[in-house]
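Observations on chain architecture
The residues making up each chain are set out below.
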Amino acid sequence: MKLVCVDCHKESPAESFAYQCECGGLFDIAHDFRHLDAEQLKRVFHDRLSERMTPYASGVWRYKELIFPDLPEEYIATKYEGNTGLYASELISSYTGNRQVMLKAQSENPSGSFKDNGMTVAVSHGRSLGYRRFTCTSTGNTSSSLAMYASIAGGESYVFVPNKNISLNKVMQTLAYGAKVISFDGTYDDGIRFYEQHSKELGLYICNSINPFRIEGQKSIVYEIAQYLDWKLPDWVVIPGGALSNVTALGKGLQDLKSLGLIDKLPRVALIQAEGASPFHRMMSEGRSELIPEPAPYTRASALNIGNPPSWKKALRTIEETRGVTCSVTDQEILDAKALVDKSGIGCEPASAATVAGLRKLVSRQVIDKDETAVCILTGNMLKDTDALREYHLDESSNGTFRNAIHGAELTLSNIAGLL
Ligand SMILES: *Cc1c(COP(=O)(O)O)cnc(C)c1O
Ligand SMILES: [Zn+2]
């Protein structure tokens, strides 16, 4: 395992861990998988499905050989993350027009979002280096996840959250897990800049998406999809993008599977951004080769509210290597799609539903065929943003297509019979 700079391609040993190269570029983790055998790996991964009390019961650590092979088990901080459901839904098929869609519910992770897939690896790595204090800047889910794992690892977490447009549910969850929450006047991007400069003097281990170990953990999402589908991936994987760490991990995980011979063809990736925070989609649709940051992004899907995604170069690689596409959707499209994912019994937070809204749009534009197979990745749990539920279903001002308001009624037989 070694670190490779995304910009200047300089290599350094994983032991000399740093978040960024001297040139300012981000690091990727490069593995040497040459000694691994695909058939044997499949058997090992399969056998671990029946584990209960070891790190290998986790849907992340089950794939340790492909994620962090050298880490001694004693450092692993795990909560049995991963192991999430993969669902077909009639309702979502007919809404998107895609007959073969399935939803991968990373919302079922222990802290309620896919951030757990990566955070278990970052915190375990920090612990192996002797850190006890962890930090991140977050729109909410990263901080909840970090706070949970820091506590599991017996350490402490310090999280920076912008004081506007984030979900109170997520902040409360973070507080409840025992983090010190520092609310500041500024954007997500300001928070990152602050501790990039100061984390060393403060003795903090950074758990943002610039941390390459989080990317390694998030690769497990596509490994798990592949394993559940008997190592046959769908034609398309549809994923939402904010900081673009997850689409980066998806691409990297796909390349692993391909290079190991565990799959023989790469699915295409469709990356969906919210219209109010879509610098990456704009770059792609305008055919530019540099991302222009958006100084004041706004989307109601707060987990996607990022105007200057640090990982955009890595994300670009995923799109190029998979012949992928990008697309943006409005907040109204996101919230209506979310209402249907909720109604289907699966449930998700607004950001996740960008995938379903995006799939619908791409099918209507005939970019994705109605008979192609597709998996949408649902990133966060429906209870992560209860304000969004209230606004959609209860507020007078809601223009939700699938609104389901509360019925006030006096309890008489005729009243109630009339409601049924
Ligand atoms: C973090 C997050 C995203 C965006 O993922 P990136 O890796 O930042 O692109 C999407 N949905 C939810 C629920 C999230 O928490
Ligand atoms: Zn470099």
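Keep in mind the model is a prediction, meaning the values are calculated, not measured.

What follows covers the site of ligand 1. Surveying the vicinity of ligand 1 reveals 15 residues, the closest of which are Lys 115, Asn 141, Gly 242, Ser 245 and Thr 379. A distance of 2.7 Å separates an oxygen atom of ligand 1 from a polar side-chain atom of Asn 141. Between ligand 1 and the protein, one listed contact pairs an oxygen atom with a backbone N or O atom of Asn 246 at 2.8 Å. Contact with the protein chains covers 97% of the free accessible surface of ligand 1, which is 380 Å².

Below, the discussion takes up helix α12 (residues 312-321). Within α12 the residues assigned to the buried category are Trp 312, Lys 314, Ala 315, Leu 316, Thr 318 and Ile 319. At the C-terminal side of α12, Arg 323 shows a positive phi close to 50°.

Domain annotation for the protein reports domain 1 (1-30) and domain 2 (86-112 + 214-393). For domain 1 versus domain 2, the distance between C-alpha centres works out to 27 Å. On the side of domain 2, 7 residues touch domain 1, which itself brings 6 residues to the contact. Summing the contributions of domain 1 and of domain 2, the shared interface buries around 560 Å²; its carbon and sulfur component is 51%. Looking only at domain 1, the three residues that lose the most surface to domain 2 are Leu 26, Asp 28 and Ile 29, adding up to 66% of its buried area. Between domain 1 and domain 2 we count 3 salt bridges in total.

The sheet built from 6 strands is open, its strands ordered β4-β5-β13-β10-β11-β12 with mixed pairing. Strand pairing shows two members of the sheet lacking a second neighbour, β4 (86-88) and β12 (325-329), which therefore form its edges. Across the sheet, the mean angle from the axis of one strand to that of its neighbour is 25°, orientation sign disregarded. The pairing of strand β10 (residues 236-240) with strand β11 (residues 268-274) spans 5 bridges and is classified as parallel. Note that in β11 the partner of Val 238 across the bridge is Ala 270. Here helix α14 (residues 350-364) sits on the sheet and contacts β5 (100-105), β10, β11, β12 and β13 (373-378); the angle it forms with β12, its principal contact strand, is near 110°.

Basis of the calculations
Residues numbered from 1 in each chain as written. Chains lettered and ligands numbered in written order. Predicted model: local features only at pLDDT ≥ 70, side-chain atom pairs only at ≥ 80, totals over all residues. Heavy atoms only, no water. Near = heavy atom within 4 Å. Polar contact = N/O pair within 3.5 Å; in protein donor to acceptor, adjacent residues only side chain to side chain. Areas by Shrake-Rupley, 256 points an atom, 1.4 Å probe, with all protein chains shown as cover. Buried < 20%, exposed > 50% of the residue type's maximum accessible area, 1.4 Å probe, protein only. Helix = DSSP H or I, 4+ residues; strand = E, 2+ residues; numbered from the N terminus. Domains from an automatic or database assignment. Contact = heavy atoms within 4.5 Å. Buried area = accessible area lost by both parts, 1.4 Å probe. Salt bridge = Lys/Arg side-chain N within 4 Å of Asp/Glu carboxyl O. Pairing = 2+ DSSP bridges. Axes fitted to C-alpha atoms, helices over the stretch in contact; angles between N-to-C directions.

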